[in-house]
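# Results of the structural survey
The lines below spell out each chain.
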Amino acid sequence: MPSPPVAGTAGLITLDRLIDEAMLLLHAEEVEIASLEALEHRHVTLDERSIGHTGIAEMTIRADWADLHDLDTAVALIAEALKRDGSLESLDVRRSQAVGILADPTRALALINNTEPPPPSKSIVAYVHLDHDVIEGRGLLAHDEAGHTLLADRIREWLTRGDRHITIRPVINLNDHCDGSEDTGHHGRQGPDPYVPSFLTAEKVRLRNPTCVFPHCTKKSRSCDLDHLTAHTRTGVTCECNLAPLCRHHHQLKTHAGWTYQQLTPGTFLWRKPHGQTMLVTPTGTRDLTDP
(Lines give C-alpha, C1' and ligand atoms only; values in the text may rest on other atoms or scores of the structure.)
Protein backbone atom coordinates (compact mmCIF):
# COMPACT_ATOMS: atom_id res chain seq x y z
CA MET A 1 0.00 0.00 0.00
CA PRO A 2 1.54 3.38 -0.94
CA SER A 3 2.28 5.70 1.95
CA PRO A 4 -0.01 8.74 2.27
CA PRO A 5 1.35 12.07 1.01
CA VAL A 6 3.08 13.94 3.83
CA ALA A 7 2.06 17.38 2.61
CA GLY A 8 -1.58 16.55 3.06
CA THR A 9 -1.23 15.46 6.68
CA ALA A 10 1.50 17.68 8.13
CA GLY A 11 0.96 21.02 9.81
CA LEU A 12 2.89 24.20 9.11
CA ILE A 13 5.54 23.52 11.77
CA THR A 14 6.21 20.02 10.39
CA LEU A 15 6.36 21.35 6.83
CA ASP A 16 8.88 24.04 7.83
CA ARG A 17 11.03 21.35 9.47
CA LEU A 18 10.87 19.13 6.39
CA ILE A 19 11.76 22.04 4.12
CA ASP A 20 14.75 22.91 6.34
CA GLU A 21 15.93 19.30 6.18
CA ALA A 22 15.58 19.26 2.39
CA MET A 23 17.52 22.51 2.08
CA LEU A 24 20.33 21.08 4.22
CA LEU A 25 20.55 18.04 1.96
CA LEU A 26 20.24 19.78 -1.40
CA HIS A 27 21.71 23.24 -0.82
CA ALA A 28 24.15 22.89 2.07
CA GLU A 29 26.43 25.73 0.94
CA GLU A 30 23.56 28.24 0.62
CA VAL A 31 22.24 27.22 4.03
CA GLU A 32 25.67 27.75 5.61
CA ILE A 33 25.92 31.24 4.08
CA ALA A 34 22.44 32.09 5.34
CA SER A 35 23.38 30.83 8.81
CA LEU A 36 26.43 33.08 8.92
CA GLU A 37 24.32 36.05 7.84
CA ALA A 38 21.76 35.26 10.55
CA LEU A 39 24.51 35.42 13.19
CA GLU A 40 25.19 39.01 12.17
CA HIS A 41 21.59 39.98 12.91
CA ARG A 42 21.59 39.00 16.59
CA HIS A 43 20.58 41.94 18.77
CA VAL A 44 18.93 43.16 21.95
CA THR A 45 17.00 46.36 21.31
CA LEU A 46 14.97 48.55 23.66
CA ASP A 47 12.27 50.30 21.63
CA GLU A 48 12.34 53.85 23.01
CA ARG A 49 9.34 54.76 20.84
CA SER A 50 7.18 52.21 22.64
CA ILE A 51 7.33 54.06 25.97
CA GLY A 52 3.91 55.44 26.85
CA HIS A 53 2.64 57.53 29.73
CA THR A 54 2.45 54.34 31.84
CA GLY A 55 6.23 53.89 31.68
CA ILE A 56 5.84 50.45 30.05
CA ALA A 57 8.07 49.73 27.04
CA GLU A 58 9.06 46.85 24.76
CA MET A 59 12.37 45.12 24.08
CA THR A 60 13.15 42.63 21.31
CA ILE A 61 15.85 39.94 21.44
CA ARG A 62 17.26 37.90 18.57
CA ALA A 63 19.95 35.49 19.76
CA ASP A 64 21.23 31.91 19.68
CA TRP A 65 18.55 29.43 20.73
CA ALA A 66 20.83 28.06 23.47
CA ASP A 67 21.30 31.53 24.97
CA LEU A 68 17.57 32.27 24.81
CA HIS A 69 16.77 28.91 26.39
CA ASP A 70 19.09 29.70 29.31
CA LEU A 71 17.54 33.16 29.69
CA ASP A 72 14.04 31.71 29.64
CA THR A 73 15.01 29.21 32.34
CA ALA A 74 16.41 31.96 34.55
CA VAL A 75 13.28 34.09 34.06
CA ALA A 76 11.08 31.12 34.98
CA LEU A 77 13.08 30.45 38.16
CA ILE A 78 12.81 34.07 39.31
CA ALA A 79 9.09 34.24 38.47
CA GLU A 80 8.52 31.14 40.59
CA ALA A 81 10.61 32.60 43.43
CA LEU A 82 8.52 35.79 43.39
CA LYS A 83 5.37 33.69 43.72
CA ARG A 84 6.99 31.73 46.57
CA ASP A 85 7.70 35.01 48.38
CA GLY A 86 4.06 36.10 48.16
CA SER A 87 3.66 37.94 44.86
CA LEU A 88 0.05 37.92 43.64
CA GLU A 89 0.92 39.09 40.14
CA SER A 90 0.19 36.94 37.10
CA LEU A 91 2.88 34.69 35.63
CA ASP A 92 3.43 37.06 32.69
CA VAL A 93 3.89 40.05 35.00
CA ARG A 94 6.28 38.14 37.27
CA ARG A 95 8.32 37.08 34.22
CA SER A 96 8.55 40.73 33.13
CA GLN A 97 9.70 41.70 36.64
CA ALA A 98 12.34 38.97 36.43
CA VAL A 99 14.04 40.81 33.57
CA GLY A 100 14.81 43.75 35.84
CA ILE A 101 15.93 41.46 38.66
CA LEU A 102 18.39 39.73 36.30
CA ALA A 103 20.08 43.12 35.82
CA ASP A 104 21.35 42.65 39.40
CA PRO A 105 22.85 39.11 39.22
CA THR A 106 23.66 38.83 42.93
CA ARG A 107 20.10 39.73 43.89
CA ALA A 108 18.73 37.32 41.28
CA LEU A 109 20.85 34.46 42.65
CA ALA A 110 19.82 35.23 46.22
CA LEU A 111 16.15 35.23 45.21
CA ILE A 112 16.47 31.90 43.41
CA ASN A 113 18.34 30.32 46.34
CA ASN A 114 15.96 31.89 48.90
CA THR A 115 18.78 33.64 50.78
CA GLU A 116 19.13 37.18 52.14
CA PRO A 117 19.51 39.59 49.20
CA PRO A 118 22.52 41.94 49.17
CA PRO A 119 22.14 45.73 49.05
CA PRO A 120 20.99 46.92 45.60
CA SER A 121 23.74 47.49 43.08
CA LYS A 122 21.66 48.89 40.22
CA SER A 123 21.57 52.60 39.56
CA ILE A 124 20.06 54.83 36.92
CA VAL A 125 20.54 58.44 35.86
CA ALA A 126 17.32 60.05 34.67
CA TYR A 127 16.35 63.63 33.98
CA VAL A 128 12.71 64.21 34.80
CA HIS A 129 10.97 67.54 34.33
CA LEU A 130 8.40 68.31 37.02
CA ASP A 131 6.34 71.46 37.41
CA HIS A 132 5.27 72.86 40.79
CA ASP A 133 1.86 71.14 40.70
CA VAL A 134 3.52 67.72 40.38
CA ILE A 135 6.01 68.44 43.17
CA GLU A 136 3.17 69.54 45.46
CA GLY A 137 1.13 66.44 44.64
CA ARG A 138 -1.54 68.03 42.42
CA GLY A 139 -0.19 67.48 38.92
CA LEU A 140 -0.58 64.27 36.95
CA LEU A 141 2.06 64.42 34.21
CA ALA A 142 5.83 64.72 33.93
CA HIS A 143 8.33 64.53 31.06
CA ASP A 144 11.59 62.65 30.72
CA GLU A 145 14.82 63.57 28.94
CA ALA A 146 13.58 62.27 25.56
CA GLY A 147 10.30 64.19 25.79
CA HIS A 148 8.09 61.24 26.73
CA THR A 149 5.03 62.12 28.81
CA LEU A 150 4.82 60.00 31.97
CA LEU A 151 2.37 59.70 34.81
CA ALA A 152 3.80 61.42 37.90
CA ASP A 153 2.54 58.54 40.06
CA ARG A 154 4.63 56.15 37.97
CA ILE A 155 7.77 58.17 38.70
CA ARG A 156 6.93 58.23 42.42
CA GLU A 157 6.59 54.44 42.30
CA TRP A 158 10.06 54.10 40.69
CA LEU A 159 11.56 56.32 43.38
CA THR A 160 10.15 54.17 46.18
CA ARG A 161 11.43 50.86 44.80
CA GLY A 162 14.06 49.23 46.97
CA ASP A 163 16.02 47.44 44.24
CA ARG A 164 18.20 50.33 43.11
CA HIS A 165 20.18 53.29 44.41
CA ILE A 166 18.40 56.63 44.17
CA THR A 167 20.60 59.70 43.87
CA ILE A 168 19.16 63.20 43.51
CA ARG A 169 21.47 65.55 41.64
CA PRO A 170 21.19 69.29 41.01
CA VAL A 171 19.79 70.26 37.64
CA ILE A 172 22.50 70.89 35.02
CA ASN A 173 22.14 74.42 33.69
CA LEU A 174 22.54 74.12 29.92
CA ASN A 175 22.81 77.89 29.65
CA ASP A 176 25.90 77.92 31.87
CA HIS A 177 28.16 78.00 28.85
CA CYS A 178 31.68 76.55 29.01
CA ASP A 179 32.11 76.92 32.75
CA GLY A 180 35.18 74.66 32.73
CA SER A 181 34.39 73.51 36.26
CA GLU A 182 35.56 69.98 35.56
CA ASP A 183 37.74 70.46 32.49
CA THR A 184 41.19 71.98 32.49
CA GLY A 185 43.39 73.84 30.10
CA HIS A 186 40.96 76.36 28.59
CA HIS A 187 38.97 79.43 29.55
CA GLY A 188 41.73 80.77 31.76
CA ARG A 189 42.76 77.50 33.41
CA GLN A 190 46.31 76.17 33.35
CA GLY A 191 47.49 72.85 31.92
CA PRO A 192 46.86 70.88 28.71
CA ASP A 193 43.37 70.71 27.26
CA PRO A 194 42.06 67.12 27.62
CA TYR A 195 40.78 65.27 24.55
CA VAL A 196 38.12 63.34 26.48
CA PRO A 197 35.40 65.61 27.93
CA SER A 198 34.53 65.51 31.61
CA PHE A 199 31.29 63.92 32.78
CA LEU A 200 29.66 67.34 33.22
CA THR A 201 30.62 68.56 29.75
CA ALA A 202 29.51 65.31 28.10
CA GLU A 203 26.17 65.45 29.94
CA LYS A 204 25.58 69.03 28.79
CA VAL A 205 26.26 68.12 25.16
CA ARG A 206 23.99 65.07 25.22
CA LEU A 207 21.17 66.86 27.04
CA ARG A 208 21.35 69.74 24.59
CA ASN A 209 21.34 67.32 21.64
CA PRO A 210 19.25 64.21 22.43
CA THR A 211 20.12 62.59 19.07
CA CYS A 212 22.97 62.47 16.56
CA VAL A 213 23.20 65.92 14.94
CA PHE A 214 23.69 64.56 11.40
CA PRO A 215 20.78 65.47 9.07
CA HIS A 216 17.71 63.29 9.68
CA CYS A 217 19.53 60.93 12.09
CA THR A 218 17.56 59.80 15.15
CA LYS A 219 20.25 57.74 16.90
CA LYS A 220 20.22 58.51 20.64
CA SER A 221 23.12 60.75 21.65
CA ARG A 222 23.98 58.54 24.63
CA SER A 223 25.18 55.88 22.17
CA CYS A 224 27.06 58.39 19.98
CA ASP A 225 30.64 59.62 19.83
CA LEU A 226 31.30 63.18 20.96
CA ASP A 227 32.96 64.84 17.98
CA HIS A 228 35.17 67.95 18.09
CA LEU A 229 33.78 70.38 15.49
CA THR A 230 37.22 71.94 15.29
CA ALA A 231 39.66 69.06 15.57
CA HIS A 232 41.50 68.79 18.87
CA THR A 233 44.77 68.57 16.92
CA ARG A 234 43.93 71.94 15.38
CA THR A 235 43.53 73.74 18.71
CA GLY A 236 39.89 72.73 19.04
CA VAL A 237 38.94 72.92 22.72
CA THR A 238 37.07 70.21 24.64
CA CYS A 239 33.97 72.06 25.78
CA GLU A 240 30.28 72.05 24.91
CA CYS A 241 30.77 74.87 22.40
CA ASN A 242 33.03 72.58 20.31
CA LEU A 243 31.43 69.17 20.83
CA ALA A 244 28.48 67.44 19.18
CA PRO A 245 27.14 63.86 19.26
CA LEU A 246 27.60 61.85 16.06
CA CYS A 247 26.72 58.19 15.67
CA ARG A 248 29.63 56.05 14.52
CA HIS A 249 28.46 55.85 10.88
CA HIS A 250 27.97 59.59 10.50
CA HIS A 251 31.16 60.30 12.42
CA GLN A 252 32.96 58.29 9.73
CA LEU A 253 31.21 60.26 6.97
CA LYS A 254 32.29 63.54 8.55
CA THR A 255 35.87 62.33 9.02
CA HIS A 256 36.49 60.54 5.73
CA ALA A 257 33.75 61.40 3.18
CA GLY A 258 34.04 65.18 2.90
CA TRP A 259 31.03 66.24 4.98
CA THR A 260 31.58 69.41 7.02
CA TYR A 261 29.48 71.22 9.61
CA GLN A 262 29.47 74.12 12.02
CA GLN A 263 27.42 75.04 15.06
CA LEU A 264 25.48 78.27 14.44
CA THR A 265 23.93 78.45 17.90
CA PRO A 266 23.88 75.86 20.72
CA GLY A 267 22.03 72.85 19.28
CA THR A 268 21.76 74.23 15.72
CA PHE A 269 24.14 72.93 13.02
CA LEU A 270 24.75 73.77 9.37
CA TRP A 271 25.94 70.80 7.30
CA ARG A 272 27.52 70.86 3.84
CA LYS A 273 27.70 67.84 1.57
CA PRO A 274 30.81 67.27 -0.58
CA HIS A 275 28.89 68.47 -3.68
CA GLY A 276 27.58 71.65 -2.09
CA GLN A 277 24.15 70.76 -0.69
CA THR A 278 23.49 72.46 2.66
CA MET A 279 21.29 71.13 5.46
CA LEU A 280 20.20 72.91 8.65
CA VAL A 281 19.73 70.70 11.71
CA THR A 282 17.77 72.19 14.60
CA PRO A 283 16.18 70.65 17.73
CA THR A 284 12.94 70.30 15.73
CA GLY A 285 14.33 68.58 12.63
CA THR A 286 16.28 68.98 9.39
CA ARG A 287 15.77 71.50 6.58
CA ASP A 288 17.35 71.42 3.12
CA LEU A 289 18.69 74.92 2.41
CA THR A 290 20.13 74.13 -1.00
CA ASP A 291 19.09 76.67 -3.64
CA PRO A 292 16.96 74.70 -6.16
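Everything below is about the structure printed above this text.
Calculation criteria
- Residues numbered from 1 in each chain as written.
- Predicted model: local features only at pLDDT ≥ 70, side-chain atom pairs only at ≥ 80, totals over all residues.
- Heavy atoms only, no water.
- Axes fitted to C-alpha atoms, helices over the stretch in contact; angles between N-to-C directions.
- Helix = DSSP H or I, 4+ residues; strand = E, 2+ residues; numbered from the N terminus.
- Parallel < 35°, antiparallel > 145°, perpendicular 65-115°, else oblique.
- Left-handed = near helix turned anticlockwise from the far one by under 90°.
- Contact = heavy atoms within 4.5 Å.
- Core = buried A, V, L, I, M, F, W, Y, C linked by side-chain atoms within 4.5 Å.
- Buried < 20%, exposed > 50% of the residue type's maximum accessible area, 1.4 Å probe, protein only.
- Nonpolar A, V, L, I, M, F, W, Y, C, P; charged D, E, K, R; others polar.

## A look at the packing of helix H3 (residues 65-84) against helix H5 (residues 105-113)
Packing of H3 against H5 brings their axes to within 9 Å, and their N-to-C directions diverge by 60 degrees. Taken together, the axis directions place H3 and H5 in an arrangement best described as oblique. As for the relative orientation of H3 and H5, their crossing is left-handed in sense. Only Ala 108, Leu 111 and Ile 112 of H5 make contact with H3, whose side of the interface consists of Leu 77, Ile 78, Ala 81, Leu 82 and Arg 84.

## Overview of the nonpolar core
Ranked by internal contacts, the top residues of the largest apolar core, which has 15 residues, are Cys 212, Val 213, Phe 214, Leu 246, Tyr 261, Phe 269 and Trp 271. Breaking this core down by element, the ones donating at least two residues are strand S9 (243-246), strand S11 (268-272) and strand S12 (278-282). Once residues within four sequence positions are removed from consideration, Cys 212 is found in contact with Cys 217, Lys 219, Ser 221, Cys 224, Pro 245, Leu 246, Cys 247 and His 250. Ranked by size, the runner-up nonpolar core spans eight residues in total, among them Val 75, Ala 81, Leu 82 and Ala 108.

## Some thoughts on the packing of H3 against helix H4 (residues 91-102)
Closest axis-to-axis distance for the H3/H4 pair is 8 Å, and the angle between their directions is 110 degrees. In this view, H3 runs roughly perpendicular relative to H4, as classed from their interaxial angle. Here H3 and H4 pass one another in a crossing that is right-handed. The segment H3 lies against H4, with Leu 71, Asp 72, Ala 74, Val 75, Ala 76, Ile 78, Ala 79, Glu 80, Leu 82 and Lys 83 engaging Leu 91, Arg 94, Arg 95, Gln 97, Ala 98, Ile 101 and Leu 102. Looking at the contact of H3 with H4 residue by residue, the classes come out as 11 nonpolar, one polar and five charged.

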